[in-house]
Amino acid sequence: MPSVAFESQVGPQAGSQAGSQDAPVWPQSVVTVVGNPRAGSRTAAAAASVAELLASELGTPYRIDELIDLVTLAPAIFEPDADRAALDSAIDLVSSASVIVVATPVYKGSYTGLLKSFLDVLRPAALAGAVVVPVTVSAAPSHKLLADQHLRPVLAELGASVPVPGVILEERDLEDLQVVLSGWIRNNAGIVQATTIALQPVPEPTPAR
C-alpha cells in the first residue's frame, strides 16, 4: 500500500470527531478496480471519476488509493508461473479497502472474464467489511443493467456489502460524465458513508485493572 502522510490531511472536523463513536476509523481508503481488458480504457476513466467524486463527498478521513487496472495484472492472473508480486499487492490493497469501486464494460451481457478471474483469486470473504460500488459501461440501453445484476451475487459471496445501486452508464454518458454522476453521488454518498461506519469492527473493551 502506498505511503501517505496522514497527519497532513487531518482537518479541524476530523479532530473534533476523534472521540466520537460515529467517526470512521482513520484512515478509510477508496480503491478502484477496473476489469476492462484494454489499458487506459474509458471504463477506467469513468471509475476514477466515481472514486474521486465519492471520496470528495465523503470528506476526511476518506482517501483515494491507487487505481488497479487489471489488464496490467493479466499475466499473473492467468499464468501460474508468472511473477505474482504486483498481483499480491493488488489483492492486499483490495482486501484492506473500506470502499471499492469495481468497474467493468458489459461484455456479452455480463461483466468481463478478466474481472471474474481476479475475483476468483481472492480468498473467501476477502471483501468482508468493505462497501463495493459497481460501475458498468454498456453500448446499448438494453444491456445497461446486466453486468451489475450478475456482479452483485459474486461480490456478496466474497463478503462485500453493496448497499447502493450501481453506477450504470451508457457510452453516451461518458461525454458529460460529471453531470451524470452528480445525481448518483447526491443520492448515495450518505448511504455509503453510513454503511462503512456500521461495518467498522467494534473495539475490544479495555480490561479492568
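Look up a bit, the structure's there.
Our subject in this report is the structure included herewith. (Residues numbered from 1 in each chain as written. Predicted model: local features only at pLDDT ≥ 70, side-chain atom pairs only at ≥ 80, totals over all residues. Heavy atoms only, no water.)

Points about unusual backbone geometry
Just so we agree on the cut-off: Labels follow the DSSP assignment, with helices taken as runs of H or I lasting at least four residues and strands as runs of E lasting at least two, numbered in each case from the N terminus. The classification of residues rests on relative accessible area computed with a 1.4 Å probe and restricted to protein chains. Under 20% of the type maximum is buried, over 50% is exposed, and intermediate values are partly exposed.
In this structure, Pro61 follows Thr60 across a cis peptide bond, with omega equal to 10°. Residue position: Pro61 is located in the loop between helix 2 (42-58) and strand 2 (62-69). At Lys108, a residue that is not glycine, the phi angle is positive and equals roughly 50°. Within the element layout of this structure, Lys108 appears in the loop between strand 3 (99-105) and helix 5 (113-121). Even without being glycine, Ala125 reaches a positive phi, approximately 60°. Positionally, Ala125 belongs in the loop between helix 5 and strand 4 (131-138). Relative accessible area serves as the criterion here: at 37%, Ala125 is assigned to the partly exposed category.

Considering helix 5
Going by this rule: By definition, residues are in contact when any of their heavy atoms lie within 4.5 Å.
For helix 5, the complete set of buried residues consists of Leu114, Leu115, Ser117, Phe118 and Leu119. Packing partners of the buried residues in helix 5 comprise strand 1 (28-34), helix 3 (74-78), helix 4 (85-95), strand 3 and helix 6 (146-157).

Description of the sheet that holds strand 3
Applied cut-off: In this description, strands pair whenever DSSP reports at least two bridges between them. Structural elements are reduced to axes, namely lines fitted to C-alpha atoms, with helices fitted over the stretch in contact, and the angle between N-to-C directions of any two is expressed from 0 to 180 degrees.
Reading across from one edge, 2-1-3-4-5 is the order of the five strands in this open sheet, with parallel pairing throughout. At either margin of the open sheet sits one strand with a lone partner, and together these are strand 2 and strand 5 (167-170). On average, each strand axis in the sheet is inclined to that of its neighbour by 15°, with strand direction left out of account. Relative to strand 4, strand 3 is paired through seven bridges, and the arrangement is parallel.

Regarding the side chain of Thr195
What counts, and what does not: As used in this structure description, the phrase polar contact means that two N or O atoms lie within 3.5 Å; if the pair is within protein, one of them must be able to donate a hydrogen and the other to accept it, and residues adjacent in sequence are counted only when both atoms belong to side chains.
You can see Thr195 is positioned in helix 7 (residues 177-198). Separated by 2.7 Å, the side chain of Thr195 and the backbone oxygen of Ile191 make a polar contact. Setting aside residues up to four positions removed in sequence, Thr195 forms contacts with Val131, Ser161 and Pro163.

Structural notes on the packing of helix 2 against helix 7
To keep it simple, the criterion reads: Throughout, the term roughly parallel applies to angles under 35 degrees, roughly antiparallel to angles over 145, roughly perpendicular to angles from 65 to 115, and oblique to all others. The sense of a crossing depends on the near helix, which, turned anticlockwise from the far helix by less than a right angle, makes the crossing left-handed and, turned clockwise, makes it right-handed.
Direction vectors running N to C along helix 2 and helix 7 enclose 50°, while the axes themselves pass 9 Å from each other. What the angle tells us is that helix 2 and helix 7 run oblique. Crossing angle aside, the handedness with which helix 2 passes helix 7 is right-handed. Counted together, Ala46, Ser49, Val50, Leu53, Leu54, Glu57 and Leu58 of helix 2 and Leu177, Gln178, Leu181, Trp184, Ile185, Ala189, Val192 and Gln193 of helix 7 form the full contact between these two elements.

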